[in-house]
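Fold and contact review
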Amino acid sequence: QVQLAESGGGLVQSGDSLSLSCVFYGRTFSLYVMGWFRQAPGKERELVAAITSGGSTYDADSVKGRFTLSRDNLGNMVFLQMNSLKPEDTAIYYCAAKHIGAPEYDYWGQGTQVTVSP
């Protein structure tokens, strides 16, 4: 029904920037809240940022002011611009979609690795 594909991860130094992209393959992109999650080794998966179809956003305290989530409703894509990266940002980043009528995120991408060296 819906498939997600992330890209843009890589190895960078502390203070560098990366931009992650996620393509939404499916119908009615506007009915989904889009989010970026991350999971570091040995840690629970956490919500980094989320955005509604109308552009309302949520940012985790740990990334507020550094990361910016946006969406392109014409191209069915979401982006995560990550600036001033820190080693603690190292994780696998997942794109996720939650149908507006669903209590939880329904669909997940395969993940893209972000590694930030000191």
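Residues numbered from 1 in each chain as written. Predicted model: local features only at pLDDT ≥ 70, side-chain atom pairs only at ≥ 80, totals over all residues. Heavy atoms only, no water.

1. What about the overall build of the protein?
Rules: By the criteria applied, helices consist of DSSP H or I runs no shorter than four residues and strands consist of E runs no shorter than two, each listed in order from the N terminus. Restricting the calculation to C-alpha atoms gives the radius of gyration, and the globule rule supplies 2.2 Å times the number of residues raised to the power 0.38. To sort residues, take the accessible area from a 1.4 Å probe on protein chains only and compare it with the maximum for the residue type: under 20% means buried, over 50% means exposed, and anything in between is partly exposed. The criterion used for residue contact is that any of the two residues' heavy atoms lie within 4.5 Å.
Within the protein, the regular secondary structure consists of zero helices and 11 strands. In summary, the protein has a C-alpha radius of gyration of 13 Å against a globular reference of 13 Å for 118 residues, a match within 12%. For the protein, the spread of C-alpha atoms along the three principal axes comes to 40 × 25 × 25 Å. Looking at the protein as a whole, 42% of its 118 residues are labelled buried. Across the protein, every contact between residues at least 6 apart in sequence was considered, and the portion connecting residues at least 24 apart equals 55%.

2. Digging into the nonpolar core
Here is the rule: For our purposes a nonpolar core is just a set of buried Ala, Val, Leu, Ile, Met, Phe, Trp, Tyr and Cys residues, chained together by side-chain atoms within 4.5 Å.
Counting 29 residues, the largest nonpolar core has Met 34, Trp 36, Leu 80, Met 82 and Tyr 93 as its most contacted members. Looking at this core, the elements with two or more residues in it are strand E3 (18-25), strand E4 (32-39), strand E5 (46-51), strand E7 (67-72), strand E8 (77-82), strand E9 (91-99) and strand E11 (112-117). Excluding its chain neighbours within four sequence positions, the residues that come into contact with Tyr 93 are Glu 6, Leu 20, Trp 36, Phe 37, Arg 38, Val 48, Phe 67, Leu 80, Met 82, Gly 111, Thr 112 and Val 114. Formed by six residues, the second largest nonpolar core is a distinct cluster that contains Val 33, Tyr 94, Ala 96 and Tyr 105.

3. Concerning the pattern of salt bridges
Rules: Whenever a carboxyl oxygen of Asp or Glu lies within 4 Å of a side-chain nitrogen of Lys or Arg, that contact is scored as a salt bridge.
Tallied over the entire structure, the rule returns three salt bridges. Two residues, Arg 38 and Asp 89, come together in a salt bridge whose shortest N-O distance is 2.9 Å. Of this pair, Arg 38 sits in strand E4 while Asp 89 sits in the loop between E8 and E9, and the two are 51 residues apart along the sequence. Side by side, Arg 38 and Asp 89 carry an identical accessibility label, which is buried. Among the salt bridges present, the one from Arg 66 reaches Asp 89, with a minimum N-O distance of 2.7 Å. Note that Arg 66 is positioned in the loop between strand E6 (57-59) and E7 and Asp 89 in the loop between E8 and E9, a separation of 23 residues in sequence. What makes Arg 66 buried here is its relative accessible area of 10%. Salt bridges linked by common partners bring Arg 38, Glu 46, Arg 66 and Asp 89 together as one network.

4. What about the pairing of E7?
Just so we agree on the cut-off: Should DSSP find at least two bridges between two strands, the strands are regarded as paired.
Side chains of E7 alternate between two faces, with Phe 67, Leu 69 and Arg 71 buried and Thr 68, Ser 70 and Asp 72 left unburied. Of the strand pairs in this sheet, E7 and E8 are connected by six bridges, and their pairing is antiparallel. Counted as the bridge partner of Arg 71 is Val 78 from E8. Two successive antiparallel strands, E7 and E8, enclose a turn made up of four residues, where Asn 76 displays a positive phi of approximately 55°.

5. Observations regarding the sheet that holds E8
Applied cut-off: In this analysis, axes come from line fits to C-alpha atoms, helices being fitted only over the stretch in contact, and the angle between any two N-to-C directions falls in the range 0 to 180 degrees.
As summarised here, the arrangement of the four strands in space is E1-E3-E8-E7, forming an open sheet in which the pairing is antiparallel. The open sheet is flanked by strand E1 (3-7) and E7, the only strands paired with a single partner. Shown here is a sheet whose adjacent strand axes are inclined to one another by a mean of 15°, direction ignored.

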